[in-house]
Amino acid sequence: MAALKVLAPGLHIDLHTSDDNVDLATSKWDMAIRSHVNTDQEPLYISKICLVVSTAYKQRNGVPKTIRDINKHTVLMRENAYHRTWRTLLAQYELTIDYIQDRMIMGNTIALKEAAKQGLGIALLPEFVVREDVKDNKLEVLQPKATATLSSKFFLSKINAVQMKTYEQLLRQVFKTL
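Residues numbered from 1 in each chain as written. Predicted model: local features only at pLDDT ≥ 70, side-chain atom pairs only at ≥ 80, totals over all residues. Heavy atoms only, no water.

**Q** What is the right way to read the overall build of the protein from this model?
**A** Counting secondary structure elements, the protein contains six helices and seven strands. Across the protein, helices and strands are ordered from the amino to the carboxyl terminus as α-β-β-α-β-α-β-α-β-α-β-β-α. Expressed along its principal axes, the backbone C-alpha trace of the protein runs to roughly 55 × 30 × 25 Å. In the protein, buried positions account for 37% of the 178 residues. When the accessible surface of the protein is totalled, it reaches about 10,900 Å², and 50% of it is carbon and sulfur. Side-chain charges in the protein split into 24 positive and 19 negative, and the spacing between the mean points of these groups amounts to 4 Å. (Helix = DSSP H or I, 4+ residues; strand = E, 2+ residues; numbered from the N terminus. Buried < 20%, exposed > 50% of the residue type's maximum accessible area, 1.4 Å probe, protein only. Areas by Shrake-Rupley, 256 points an atom, 1.4 Å probe, with all protein chains shown as cover. Lys, Arg positive; Asp, Glu negative; His and termini not counted. Charge placed at Lys NZ, Arg CZ, Asp CG, Glu CD.)

Below, the structure written as structure tokens:
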């Protein structure tokens, strides 16, 4: 947000963060950043996915030595998602989501990150979401080789208005700096 305000200091920004799919046609919002949309559009941003854990969880429970050991741990997942990144990760090891017995369900990405920081379990999150917490040693990345092929693509959805092209260009500039 700070980089966007530097590029366009006069731009008025109202921000709503949610994992819900907001209907732009019926809401007050002009734009939305969505992940994994079926589109031919160029992604706004592509983020690596990280498996993360807090020091507190690690001290209490240890960490999985391999992805196959994940069933011995509490796994933090989003609600109402199809657990896409977890399914993709597990499929690399010929496992399914049912392999994970101890799941804690969270309402959104930020709740997942905060639950991981509080030591409630292991989470699979976009790298940009956990970057500062990893840098500040609040979270630790696990199994980077296992998640090396995982990524989330983020796309821009917008209402049909003349000024949206300019706003899209600004956002693309900002996302290049992440």
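**Q** I'm lost on the environment of Val53 in this one. Help?
**A** Examined against the element boundaries, Val53 turns out to sit in strand β2 (residues 45-53). Using a relative accessible area of 0% as the deciding quantity, one classes Val53 as buried. Placed 62 residues apart in sequence, Val53 and Ala115 show a C-alpha to C-alpha distance of 9.6 Å. Aside from chain neighbours lying at most four places away, what touches Val53 is Lys58, Val63, Gly121, Ile122, Leu139, Glu140 and Leu142. (Contact = heavy atoms within 4.5 Å.)

**Q** Would you mind showing me how to read the pattern of salt bridges here?
**A** Any two side chains of opposite charge can pair if their charged atoms end up close together. This model, assessed by the stated rule, comprises nine salt bridges. When the shortest N-O distance is used, the salt bridge between Lys58 and Glu140 registers 2.9 Å. Taken as a pair, Lys58 in helix α2 (residues 55-61) and Glu140 in strand β6 (residues 140-142) lie far apart in primary sequence, 82 residues in all. Glu140 gets classed as partly exposed once you look at its relative accessible area, which sits at 29%. For Arg103, the salt bridge is made with Asp98, and the minimal N-O distance between the two is 3.7 Å. One continuous salt-bridge network, built from bridges that share partners, spans Lys113, Glu114, Lys117 and Asp133. (Salt bridge = Lys/Arg side-chain N within 4 Å of Asp/Glu carboxyl O.)

**Q** Which parts of the structure should I look at to understand helix α3 (residues 84-91)?
**A** The α-helix advances 3.6 residues per turn, and as a result positions three or four apart in sequence lie on the same side. All of the buried residues along α3 are Thr85, Trp86, Leu89 and Leu90. Considered in projection along α3, the buried side chains sweep an arc of 130 degrees and stay on one side of the axis. Close packing links the buried residues of α3 with β2, β3 (75-78), β5 (122-126) and β7 (151-158). (Arc of directions from axis to C-beta.)

**Q** What should I look at first to understand the packing of aromatic side chains in this one?
**A** Two aromatic rings, taken as a pair, are described by how far apart their centres are and by the angle between their planes. According to the stated counting rule, one finds three aromatic pairs in the structure shown. Taken together, a centroid distance of 5.5 Å and an interplanar angle of 90 degrees make the contact between Tyr45 and Phe128 edge-to-face. Within this pair, whereas Tyr45 is found in strand β2, its partner Phe128 is found in helix α5 (residues 127-135), the two being separated by 83 residues in sequence. With a relative accessible area of 30%, Phe128 lands in the partly exposed category. Look at Phe128 and Phe154: their rings are 5.5 Å apart centre to centre, the planes differ by 80 degrees, and that puts the pair in the edge-to-face class. Here Phe128, found in helix α5, pairs with Phe154, found in strand β7; they are 26 residues apart in sequence, far enough to count as distant. (Phe/Tyr/Trp six-rings, centres within 6.5 Å; stacked < 30°, edge-to-face > 60°.)

**Q** Looking at this model, I keep getting lost on the pairing of β5. Mind explaining?
**A** Successive residues of a regular strand alternate their side chains across the two faces of the sheet. Burial runs high along β5: five of the five residues are buried. Bridging between β2 and β5 involves four bridges; their strand directions are antiparallel. Following the sheet pairing, Leu51 is matched in β5 by Leu124. Relative to β5, β3 runs parallel, the two sharing two bridges. Along β5, the bridge assignment pairs Val75 with Ile122. (Pairing = 2+ DSSP bridges.)

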